[in-house]
Structures are given as C-alpha cells and as structure tokens.
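# Chains, contacts and geometry: an overview
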Amino acid sequence: MSNEPAFGPYDFGPYEFEPNDAGSKDTEQGFWPGDFMADELDFRLDDLEPADAASERAEQGLWPGDLTVLAQHHTTPNGSHSFVVAHDRSITWGIPGEPQVAAIMVARDLSLNTFTFESSYHATLAFAQNWLIERGCPPESITQVGGDFMKPADELTVRIEQQIRESAARYEVLDSQTSDFDPCETWTLTRDSSAAQAPIRVFLEEGDTDAHTYTMREGAFADEDAARNWLDDRTGPLPQPPEYRDEAAALRAGAALTRSAGVSALPKAGLDAHHVPPTETARQQGSRRSM
C-alpha cells in the first residue's frame, strides 16, 4: 500500500485550462494569460523589482512549480493586475491540517518597473475567492473553475459557496483544518458578524473521491468551545443555523397562506349554497330568468 497521501478535493494533478481573458495581452512586457499554466506558473516579474519588503517575502515564499491553478483573472489591456487561486501541493507534505488553497494578487506598476505581491492561504476555494474579490477581482472571473476539479454535489453547496464569496468581511476566520486522508474534508471555523444567534459558524466541506464531487455545509454554535467540541467528537448532525429554520418556517407559512388563499377564492356557491337560503334579490333574478 502506498504511503503517499490521498489528496483532497483541490489536488487533482496538473491540467491545462482556457484563460479567462484570452484577449488581454501586454505587448511591451510580453504578458499573456496563457503563460499562467498549471505546471509552470510564471508571474512575469523578471524585469520588475518588489515595491516593498513584504512583497519580496511573499513572492519568494511561493514556489510556482508546486502550484496548480484553479482559477485566474488578469486585467486588460496591459496586465497590471493578476488574481490567482491555486492549490499548493507542497503543503500536503508539511504540517498536517494546514490550509492548501493559495489566493495570490500581483499588482505591477509598469511606469516604475515595480510590483506588489500578496498571498493568503485558505482551507476552501470559496474563502480564497472571497479574499481576492475583496481586493478588486471581478467575482465572475475568479469563480470559473475548470479542469478536473471536483464538482459541487448539490444546490445547497453552490448556495453556501456563493454566500461565502459574496460575504465581504462578514466572516472572521478563527481556525481551519484540511484532511488529505480518510475522511477527505476541510473545515473553517468562523465568527459571523451578521448573526443574531449562534454567531460561531463552521463550514464543513466533504469530498467524495468516487463520485468526484463535494458538499459544503454550514453549522452554527453559541460559542467557540461548543463548535470545537462538535468537531472533535462529531456527536450528532451539524447544527443548522437558526436562519435556516426561519427560512423553512417562512416557506411553510407561505405555502399554508397559498393553500388558504386558494380555498377562500373558491365560489361560495360551490361550498355552501345548499346551506344558505337565497336572498330576495336572487329569488327575483331567478324569477326573471325563468320567464
């Protein structure tokens, strides 16, 4: 039996993809999105200097050969900004549980021949996309993931991922865990600044390697200790957020109102005409019709 890890939903090996901005090109720098291939990620920084020490450290901290691009966006017309989401394969051999999805933003100042470089690691794709969207990346560009990446298993997964991507600074990430082995899963522990009840939220992503799909679920807890206890013990199902129950109750109430309105709209004669004697006007109208 192999000792190699059974990689999680973000590590499916290198693949080639269609650039999102196939028409964007910088003739002066020779920039072309097709250069951002999964097997040889090149940020085209050879003729540029880091604008600050933080950018230099961030750029040197990534090894392009370890990155598999999941989604990307490059601005037009001169490629001044690049936004990339990638799986860092080197993390699988590092500290167990560390986040493996890298969100990378590069801004080039072509007039000064400098660049700024930022990166951030996340347990799930949606949180990485959220980080880039908050830094100016168009949402529709960075959400298009191609290749052999696992697909969402259901509509609830799609809805929760969209909720995360569009959440701005709503969720404060407190902790995360990535498991490459059985089970193939990640979780992100957050504090929801918009939650009126149970503000500690757990986003649990579980991969099905046989079906090549994954699910994302949201759980709600009163405090961080309760959430961590559930993650350690997994006793019972993941507690649903209160607003889920409110939504379900609202749907049931709406359905009941619809049924009630349908009943009340029925003609009275069809329901109880044989119980109510006709009015004098009705008798007169009936007499006239019979004449």
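So, about the sheet that holds strand 3 (residues 81–88). In spatial order, the strands read 1-5-4-3-2; together these 5 strands make up an open sheet with mixed pairing. Of all strands in the sheet, those bounded by a partner on one side alone are strand 1 (49–50) and strand 2 (67–74). In this structure, strand 4 (residues 101–109) lies alongside strand 5 (residues 114–122), joined through 9 bridges in antiparallel fashion. By the bridge assignment, Val106 is partnered in strand 5 with Phe117. Contacts between helix 1 (residues 53–60) and the sheet are confined to strand 1 and strand 5, with strand 5 contributing the most and set at about 55 degrees to the helix.

This part covers the pattern of salt bridges. A side chain with one charge may pair with a side chain of the opposite charge, provided their charged atoms come close. Scanning the model with the defined rule gives 10 salt bridges in all. The shortest N-O distance in the salt bridge between Asp154 and Arg217 comes to 2.6 Å. In this pair, Asp154 is assigned in the loop between strand 6 (151–152) and helix 4 (155–165) and Arg217 in strand 10 (residues 213–221), connecting sequence segments 63 residues apart. The exposure class assigned to Arg217 is partly exposed, which follows from its relative accessible area of 27%.

Bridge count for strand 1 against strand 5 is 2 bridges, and the pairing is parallel. Considered in strand 5, the bridge of Glu49 is made with Thr114. The antiparallel hairpin formed by strand 4 and strand 5 contains 4 residues in its connecting segment, where Asn113 sits at a positive phi of about 55 degrees.

Glancing now at the packing of helix 2 (residues 125–133) against helix 4. Here helix 2 crosses helix 4 at 30 degrees, and the two axes come no closer than 8 Å. In terms of their interaxial angle, helix 2 and helix 4 are classed as roughly parallel. The hand of the helix 2/helix 4 crossing is right-handed. Listed contacts from helix 4 to Ala126, Phe127, Gln129, Asn130 and Ile133 of helix 2 are Glu161, Ile164 and Arg165. Tallied by class, the residues present in the contact of helix 2 with helix 4 amount to 4 nonpolar, 2 polar and 2 charged.

Here we take up the sheet that holds strand 6. Two strands in a sheet stick together by hydrogen bonds in their backbones, pointing the same way (parallel) or opposite ways (antiparallel). Across the sheet, which stays open at both edges, the 5 strands sit in the order 6-10-9-8-7 with mixed pairing between neighbours. Bordering the open sheet on either side are strand 6 and strand 7 (171–179), each of which pairs with just one other strand. Note: strand 7 against strand 8 (residues 185–192), 8 bridges, orientation antiparallel. Within strand 8, the position partnered with Tyr171 by the bridge is Asp192. On top of the sheet, helix 4 reaches strand 6, strand 7, strand 9 (200–208) and strand 10; it is set at about 60 degrees to strand 10, its chief contact.

Now for the environment of Asp154. Residue classification places Asp154 among the partly exposed residues on the basis of a relative accessible area of 25%. Remark: the alpha-carbon pair of Asp154 and Tyr214, spanning 60 residues in sequence, is separated by 8.5 Å. Residues in contact with Asp154, not counting those within four places in the same chain, are Thr215 and Arg217. At a separation of 2.6 Å, a polar atom in the side chain of Asp154 contacts the side chain of Arg217.

In this section: the pairing of strand 3. Of all 8 residues in strand 3, 7 are buried, a share of seventy percent or more. Looking at chain direction, strand 2 and strand 3 are connected through 7 bridges and run antiparallel. Within strand 3, the position partnered with Val69 by the bridge is Ala86. Sheet analysis places strand 3 next to strand 4, joined by 7 bridges and oriented antiparallel. Note on strand 4: the bridge partner recorded for His87 is Val101.

Conventions we followed
Residues numbered from 1 in each chain as written. Predicted model: local features only at pLDDT ≥ 70, side-chain atom pairs only at ≥ 80, totals over all residues. Heavy atoms only, no water. Pairing = 2+ DSSP bridges. Helix = DSSP H or I, 4+ residues; strand = E, 2+ residues; numbered from the N terminus. Contact = heavy atoms within 4.5 Å. Axes fitted to C-alpha atoms, helices over the stretch in contact; angles between N-to-C directions. Salt bridge = Lys/Arg side-chain N within 4 Å of Asp/Glu carboxyl O. Buried < 20%, exposed > 50% of the residue type's maximum accessible area, 1.4 Å probe, protein only. Parallel < 35°, antiparallel > 145°, perpendicular 65-115°, else oblique. Left-handed = near helix turned anticlockwise from the far one by under 90°. Nonpolar A, V, L, I, M, F, W, Y, C, P; charged D, E, K, R; others polar. Polar contact = N/O pair within 3.5 Å; in protein donor to acceptor, adjacent residues only side chain to side chain.

Nothing here speaks to function; it is geometry throughout.
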